[in-house]
Amino acid sequence: MSDDLKIALYPGSFDPFTNGHLDLVQRASKIFDRVIITIAVNSKKETLFTGEEREQQILNAVKDQPWSSQIVVEQFTGLLIDFAAKKKASVLLRGVRQISDFEYEFQMALTNRRLSPELDTVFMMPDENHAITSSSIVKEVAKWGGDVSSFVPPNIHTKILEKYKSK
Ligand code: PNS
């Protein structure tokens, strides 16, 4: 990988990956040469989907997009700043939907900067249609049989339906 590529790491739990995440990746692909969607896999955290399942779902959700060649999907455990260094990423990318997101994001960005001063966090806003979309809300609605098809890419909707049917 060439050193002059602008590489952004887009970290998150992505449990599941939503249309808001997809929107953000699309926007980021116009700014950065490569966007590494970085799935935090923490064995102690209970998730709906395994790291492997989330990786496959995200790959399938982006594969037919015209900008898909710029996207890489990886799982990681440990400190984000270490993973960013390993991947030669100069930017951490986070989505901010509303003001209430900002307190947590601000703390996380400044912690990461304290740990790695060269690494900057860039905040981007998804389309306002996604301002209320979150992975937690998707799980909450889907758990009780609500329709989440407008919140997630179609391939992930199918996986959510399968998952709750088998629970
Ligand atoms: O989608 P999420 O759950 O809001 O993502 C949070 C995530 C995974 C980005 C954050 O928990 C994280 O960076 N975890 C890795 C551990 C780490 O580096 N922590 C220091 C940042 S405060």
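Residues numbered from 1 in each chain as written. Predicted model: local features only at pLDDT ≥ 70, side-chain atom pairs only at ≥ 80, totals over all residues. Heavy atoms only, no water.

Draft legend 1. Layout of helix α4 (residues 99-115). Look at α4: 25 Å from first C-alpha to last across 17 residues, which is about the 24 Å you get at 1.5 Å a residue. Helix geometry: α4 is bent most strongly at Glu105, by close to 30°. All buried positions along α4 are accounted for by Asp101, Glu105, Ala109 and Asn112. Those residues of α4 hidden inside the fold are in contact with α3 (80-86), β4 (91-95) and β5 (120-124). (Helix = DSSP H or I, 4+ residues; strand = E, 2+ residues; numbered from the N terminus. Expected span 1.5 Å × (residues − 1). Bend = angle between axes of the 7 residues up to and from the residue. Buried < 20%, exposed > 50% of the residue type's maximum accessible area, 1.4 Å probe, protein only. Contact = heavy atoms within 4.5 Å.)

Draft legend 2. Focus on the side chain of Thr133. You can see Thr133 is positioned in the loop between β5 and α5 (135-143). Accessibility expressed as a relative area gives 5% for Thr133, which makes it buried. Once you skip the residues sitting within four places of it in the chain, Thr133 turns out to touch Thr18, Arg97 and Phe151.

Draft legend 3. Fine view of the pairing of β5. With five bridges connecting them, β4 and β5 associate as parallel partners. When the bridges of β5 are listed, Leu92 appears paired with Thr121. (Pairing = 2+ DSSP bridges.)

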